[in-house]
Amino acid sequence: MSWWCFLIVFLSLFQTCFLSSPSPQLCLHDERYALLQFKQKHYAVNSYANYYHPLKSWNKPNTDCCYWEGITCDGTAGHVIGLDLTDSSLNGSIHSNSNLFHLRHLRMLNLSWNQFDYFAPSGFDRLSRLMHLNLSGNHFSGQIPSQIAQLIDLVSLDLSSNGFGGQIPSEISQLTKLVFLDFSGHRISQFYIYPSFSQLEIPNLRAFVQNLSRLRELRLDGVDLSAQKNRDWCHHLSSALPNLHVLSMSNCSLTGPLDASISSLHFLSELYLALNQNLSSTVPTSLVNLTSLTVLSLQYCGFHGDFPTNVFLQPNLKYIDLSENPLLSAQLPEFPQVNNTLQHLGVGSTKFQGKLPNSIGNLKFLKELNLWNCDLSGLIPPSLANLTYLTKLDLSNNSFRGQISSISQARFPNLKELVLGQNLLQGHIHSQLFSLPSLYWLDLSGNQFSGVINEPIHNISSFSSLREFGYFNLSGNYLEGQELMRSISKINAIISCLDLSFNDFGYMVEDTNLSYDGLPVNGSGDNFVNAQILELVMSACNLSKFPDFLRNQKELRWLDLSHNKISKFPDFLRDLKLLNSIVISSNRIDGAIPKWIWQNNLYYLNLSDNFLIGLELPLPTNYSFTIGFLDLQSNMIQECLSTAPCSLQTFNQSNSSEFVSPILGNLSSLLSETYFFSISDNNLSGKIPFSICNASNLSILDLSKNQLSGTIPTCLGHSNLGVLNLESNKLHGHIPPMFRSGCSLHTLKLNGNMLQGQVPRSLANCRALEVLDIGVNQLNGTFPYWLENLFELRVLVMRSNNFSGPILQLSHVDSPFPSLHVFDISFNAFMGNLPLQYILHWKGMTNDEANSELHYISYNAGGLYYRDTITIVDKGISLEMGSILTAFTTLDLSYNKFSGGIPDAMGSLKSLILLNLSGNSLTGQIPSSLKNLTKLESLDLSRNNLSGQIPSQLTSLTSLAILNLSYNNLTGNIPQGNQFGTFLNASYEGNLGLCGFPLSKKCGITDGASPPILTLQQEEDSTCVLDRKFVIAGYCSGLTIGVVIGQQLFWRNNQFIAFCLRIRGSKKRKGLKRKHHRRRK
């Protein structure tokens, strides 16, 4: 029982004993007046009709204030000694002249969970008799006033869940009578506390607690204890606080270990240390000495090693959670049949291994069992059926095998969540499982279940009738759809989400009239599901049509039938008036998009990767469109259809002879509420209409990989776009100077067009720009040095243009391009020395982020992440990256006119993975400083005028997978060792002065044995040999580039040859679609 609960009981007994027979009007007049004035000043009536107002009892005239709710009086003198106004709709500031300070005899003041924002520090000296002060759950901010230390009789102090910040006053340590102390941040639940926005801190924990030996409960959740002096926090607390019963320090940034001294706290019953991810220590075996322990919360602490198993057997333990410690290992013990008080057991996301003991069934009071994402295996013990108090059972992401008949047929009257997904479970699912009376969350996904046993069940209502409940996931099994649907049809409830993906529903075919034993069938097909489903996911289910049971799903909101073989839109979709999200991407739907689909109040529509060829016109008019997400990419949409001809004149703009894209002209009328629109990889032609700019809510616009022509509409620069992708079209003219101040662009991709002129200076207004790709155009001019002000820029690609001149740092920016990770200016005419001044300041390439977390460069549009892509060119081979990892760092200055030497500073770019300086006129020696590029996986210095020897230090580059030093003037021995033993002749050809392995030319008269060489067939052409060298080198070294660039490089049954051929000669996807489309006809 917490200290405050004890205090309330104590005051109730106190009032009963001393005020049982009070004299009339015991309450003193001046104190009654002070109370009423305080209420009048701070009380705000809550507008909720059913809200209980504790101060209503104060409204009765001529009543003794000692009988008012929240008031406790001294039974003899009549003074108010207790004021409990928790959650009483009070607000405002308590200034020094507040009537509250007239209550000088107060011993207990509780103003918790109101909306006070200020408490005058000078008022504390007028409440000198206070023993209990609770100001938690208000809006106080700033520093905690040190004047609190004047309350020398304080026994309990609670300032939690406020906005206090800065150092906790050291004077608090003078309150030597404290038994309860709470400075916690905002409490989300009993076990999760988040710090205030202005975080409190204690720089010296030892000094803070050294005089507080009476403390029984200390709560510092969310307080910053990361100071170096606090590394021995465990020893400081255990030596100073011998009477401690409750220690709660979750999310405190603790860095020192949890050590054996914790066992000195003999009375400790509750220990909360969750969310201190830097503890990074083992768990001391001395925890078993804490025999009074009832709660042990150690989630996400970075613990490693073996956990002392006997802790689970502590006689009074009710709650233990070790989750999110991925390096913590152990096995669950055998649990005895007696003295089992455990109610919560959590070891999710740890290295706990072995089998789940059958003795787990002895924990008869267990309510939650969370063993997800461990190394557990074996059978699920049948003794789980004994745990009738269970509300949650999560065994997901393990290697459990066998059947679950014991669970399916068990009686779990209180079970709400059953999560067994991602295991190796097999056999049949008993439909009786669906009838558990309290079940609302069922996840059996990612197993090997092969069937459903339909048993006679009465009064099935397995999921709550409330709309916000119900999750039913049977995806990723080997279930036969017809059998599964027979079971689901018996559920008479509202299911919030039903996921049946990756099962076989191939029986649902066109023009069939299936019937089921004892099941009603309305019309033809499979219309028999009684449950009303709010969200339905049937992705990759081998469907060739829309399921007929959707006809009566009048409550359906979300429908995902992606990755199937569906070829037509059913008309009955238009009757599902609540349906607002449709995902039918990656199917075989052809023809035109029906115009009725726009009238269904859709918000989310994904028709990508189909065979759609256009729009059914005319589109609806005088209609309020609400679509927010529209994805039509990777189809065959073209401008004019024989079934729906378009008038080119309708969409002409300006006096240009080029027509405006009719498709875009029509669709732009639908986009008033749209934030994402993609129609990339289609057959659109014509100009981009100005009307697209009327879509003022657009954050992401992707028109790439079409045949669009004309110029870029200037109005696009005046929008709120975060992503503008126009790559791989036929746009011409200049990049308009359209980027206004406050430009919000994150990604701008204009590569693969026919744009001319110079890079507009207005791009410098796009301060949030992270990806800029203007490669493969006809742009000219000098290097746009003003882009160096874009401090967020990570990717800059200017490849294959007509840029020229030296690259000079002409501005006064202290740190140009500080975030740059990808810099590609290859195939231009830049000249002069390599840009040393930039190289010296590229912080994004110099930082060694070995321990940093990997993530993709992406743009967040209201929770939707748009991942950026990039194309890497190596020896004429283009490889498109489907996404860009922040760890992918490349520098490509190849095929320009750079001269001079390679600066030693190049070795400071420690995060580089790819360095390409080929095809220039560089001279001098290869700098040995390149040995510092320890992450380098590809180095190309070919086709220059480099001389001297190859530095032997380069053999330390153990990640190097591709090396090309060909066609230079290098001389001497080729270094040996590590990766240099894997490179072939082609890496060194054209250097007549080189000798040694792998060249046939020997150095001197040395005739020693050569290291083993990787063999290649020599008959293939040079391009394919290059591809094979790339793959082989990657295989030998564990090439990251292969993972990042190609996403997948297969080394199975010589599939690298197929990979080579696919890059060189595969047909375009659209051509394959046309062929497939003709074959289907």
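Residues numbered from 1 in each chain as written. Predicted model: local features only at pLDDT ≥ 70, side-chain atom pairs only at ≥ 80, totals over all residues. Heavy atoms only, no water.

Draft legend 1. Summary view of the overall build of the chain. Scanning the chain from terminus to terminus reveals 13 helices and 67 strands. Looking at the chain as a whole, 55% of its 1081 residues qualify as buried. Sequence separation of at least 24 residues holds for 59% of the intrachain contacts in the chain that already meet a minimum separation of 6. (Helix = DSSP H or I, 4+ residues; strand = E, 2+ residues; numbered from the N terminus. Buried < 20%, exposed > 50% of the residue type's maximum accessible area, 1.4 Å probe, protein only. Contact = heavy atoms within 4.5 Å.)

Draft legend 2. Quick peek at the pattern of salt bridges. Summed over all chains, the structure comprises 10 salt bridges. Between E217 and R219 there is a salt bridge, with the nearest N and O atoms lying 2.8 Å from each other. Of the two residues, E217 and R219, both sit in the buried class. Residue K749 pairs with E727 through a salt bridge whose shortest N-O separation is 3.5 Å. One end of the pair, K749, is in strand 47 (residues 747-749); the other, E727, is in the loop between strand 45 (723-725) and strand 46 (732-734), with 22 residues separating them in the sequence. The two residues K749 and E727 agree in class, both being buried. Salt bridges here are not isolated pairs; linked through shared partners, they connect K545, D548 and R551. (Salt bridge = Lys/Arg side-chain N within 4 Å of Asp/Glu carboxyl O.)

Draft legend 3. Quick peek at the packing of aromatic side chains. Tallying each qualifying case throughout the model produces 26 aromatic pairs. Summarising the aromatic geometry, the rings of F119 and F124 are spaced 5.0 Å apart at their centres and angled 20° between planes, so their arrangement reads as stacked. With a relative accessible area of 7%, F119 lands in the buried category. A residue is classified by how much of its surface remains accessible, and F124, at 1% relative accessible area, is buried. Through successive ring pairs, a cluster of aromatic residues spans F783, F803, F817, F823, F830, Y838 and W842. A cation sits over an aromatic face here: R943 above Y967, 4.5 Å from the ring centre. (Phe/Tyr/Trp six-rings, centres within 6.5 Å; stacked < 30°, edge-to-face > 60°. Lys NZ or Arg CZ within 6 Å of the ring centre and 35° of its normal.)

Draft legend 4. The confidence of the model for the chain, seen in detail. In the predicted model, the chain carries a mean pLDDT of 83, and the fraction of residues at 70 or more is 80%. In the model, residues 13-23 has pLDDT below 50 throughout and makes 16 contacts with residues more than four positions away in sequence or in other chains. Contacts from residues 647-655, a stretch scored under 50 in pLDDT, to residues over four places away or in other chains number 16 contacts. (pLDDT = per-residue confidence, 0-100.)

Draft legend 5. Layout of the nonpolar core. Counting residues in each nonpolar core, the largest one holds 265 residues, and the members touching the most others are F119, F183, F307, W598 and F677. With 4 residues, helix 4 (residues 233-240) is the single largest residue contributor to this core. Filtering out sequence-adjacent residues up to four positions away, F183 remains in contact with I144, L157, L159, S160, I168, I172, L200, F208, R219, L220, D221 and V223. Core analysis: the next-biggest nonpolar cluster, separate from the first, contains 9 residues, Y604, F629, I700 and Y866 among them. (Core = buried A, V, L, I, M, F, W, Y, C linked by side-chain atoms within 4.5 Å.)

Draft legend 6. Inspection of the sheet that holds strand 54 (residues 829-832) at higher detail. An order of 46-48-50-52-54-60-62-64-66-67 is seen for the 10 strands of this open sheet, with the pairing classed as parallel. Edge strands, defined here as strands with exactly one partner in the open sheet, are strand 46 and strand 67 (993-995). Across the sheet, the axes of successive neighbouring strands diverge by a mean angle of 20°, strand direction being ignored. Sheet topology places strand 50 (residues 778-781) next to strand 52 (residues 802-806); 2 bridges connect them, and they run parallel. In the sheet register, G781 faces strand 52, and the bridge partner there is F803. (Pairing = 2+ DSSP bridges. Axes fitted to C-alpha atoms, helices over the stretch in contact; angles between N-to-C directions.)

Draft legend 7. The pairing of strand 48 (residues 754-757), seen in detail. Bridging between strand 46 and strand 48 involves 3 bridges; their strand directions are parallel. Considered in strand 48, the bridge of H734 is made with Q756. Pairing between strand 48 and strand 50: 2 bridges, direction parallel. Residue pairing for strand 50: Q756 is matched across the bridge by Q778.

Draft legend 8. Expanded view of unusual backbone geometry. Cis geometry is adopted by the peptide bond preceding P618, which originates at L617 and carries an omega value of -5°. Position of P618 among the secondary structure elements: in the loop between strand 39 (611-615) and strand 40 (629-631). Despite not being glycine, D87 has its phi angle at roughly 50°, a positive value. For V776, which is not glycine, the phi dihedral falls at a positive 55°.

Draft legend 9. Expanded view of the pairing of strand 33 (residues 494-499). Burial of strand 33 is extensive: 6 of the 6 residues sit out of reach of the surface. Sheet analysis places strand 32 (residues 471-473) next to strand 33, joined by 3 bridges and oriented parallel. Within strand 33, the residue paired with F472 across the bridge is L498. One ladder, built from 5 bridges, connects strand 33 with strand 34 (residues 532-537); its direction is parallel. Bridge pairing in strand 34 links C497 to E535.

Draft legend 10. Local environment of the state of the cysteines. Using the criterion set out here, one finds 5 disulfides in the structure. Put simply, C743 and C766 are joined by a disulfide, and their sulfur atoms are 2.2 Å apart. Here the S-S torsion is close to 90°, and the disulfide linking C743 with C766 is therefore right-handed. Of this pair, C743 sits in the loop between strand 46 and strand 47 while C766 sits in the loop between strand 48 and strand 49 (771-773), and the two are 23 residues apart along the sequence. (Disulfide = S-S within 2.5 Å.)

Draft legend 11. Molecular detail of the side chain of N340. Mapping N340 onto the fold places it in the loop between strand 21 (327-329) and strand 22 (344-346). Take N340: its relative accessible area is 13%, and that puts it in the buried class. One polar contact links the side chain of N340 to the main-chain carbonyl oxygen of P336, over a distance of 2.2 Å. Non-local contacts of N340, meaning those with residues more than four positions away in its chain, are made with N362, L363 and F365. (Polar contact = N/O pair within 3.5 Å; in protein donor to acceptor, adjacent residues only side chain to side chain.)

Draft legend 12. Examining helix 6 (residues 481-488) more closely. Taken together, the buried positions of helix 6 are occupied by G481, L484, M485, S487 and I488. Buried residues along helix 6 cover an arc of 155° about the axis, so they all sit on one side. In the core, the buried residues of helix 6 are packed alongside strand 31 (448-453) and strand 33. (Arc of directions from axis to C-beta.)

Draft legend 13. Representation of the sheet that holds strand 27 (residues 399-402). Strand order in the open sheet formed by 5 strands is 23-25-27-29-31, and the pairing between neighbours is parallel. The strands lining the two open edges of the sheet, one partner per strand, are strand 23 (353-355) and strand 31. Neighbouring strand axes in the sheet, compared pairwise and without regard to direction, differ in orientation by 20° on average. Pairing of strand 27 with strand 29 (residues 424-430) involves 2 bridges; the strand directions are parallel. Bridging from a neighbouring strand, G402 pairs with L425 of strand 29.

Draft legend 14. Quick peek at the environment of S136. Relative to the elements of secondary structure, S136 occurs in the loop between strand 6 (132-134) and strand 7 (141-142). Each C-alpha atom, one on S136 and one on D158, is 5.8 Å from the other, the two residues being 22 residues apart in sequence. If we ignore the near neighbours within four places in the chain, the residues touching S136 are L111, S112, W113, D158, L159, S160 and N162.

Draft legend 15. Structural detail: the side chain of N447. Along the chain, N447 falls in the loop between strand 30 (441-443) and strand 31. Judged by relative accessible area, N447 falls into the buried class, the value being 4%. A distance of 3.1 Å separates a polar atom in the side chain of N447 from the backbone oxygen of S445. The contacts of N447, once residues within four sequence positions are left out, are L420, G421, Q422, N423, L424, L425, G476 and N477.

Draft legend 16. How the structure looks around helix 4. Extensive coverage of helix 4 is indicated by the burial of 6 of its 8 residues. Listing the buried residues of helix 4 in full gives W233, C234, H236, L237, S238 and A240. Along its buried surface, helix 4 packs onto helix 3 (205-209), strand 15 (217-219) and strand 16 (246-248).

Draft legend 17. Molecular detail of the environment of P927. Secondary-structure assignment places P927 in the loop between strand 62 (921-924) and strand 63 (938-940). Spatially, the C-alpha atoms of P927 and I902 are 6.8 Å apart, while their sequence positions differ by 25 residues. Ignoring sequence-local partners within four residues, the contact set of P927 consists of I902, P903, D904 and P951.

Draft legend 18. Representation of the environment of N944 within the structure. Residue placement: N944 occurs in the loop between strand 63 and strand 64 (945-948). On the basis of relative accessible area, N944 is assigned to the buried category, the value being 5%. Along the sequence, N944 and Y895 sit 49 residues apart, while their C-alpha atoms lie 9.8 Å from each other. Residues within four places of N944 in sequence aside, it is in contact with L917, S918, G919, N920, S921, L922, Y967 and N968. Of note is the side chain of N944, whose polar atom sits 3.0 Å from the backbone oxygen of L917.

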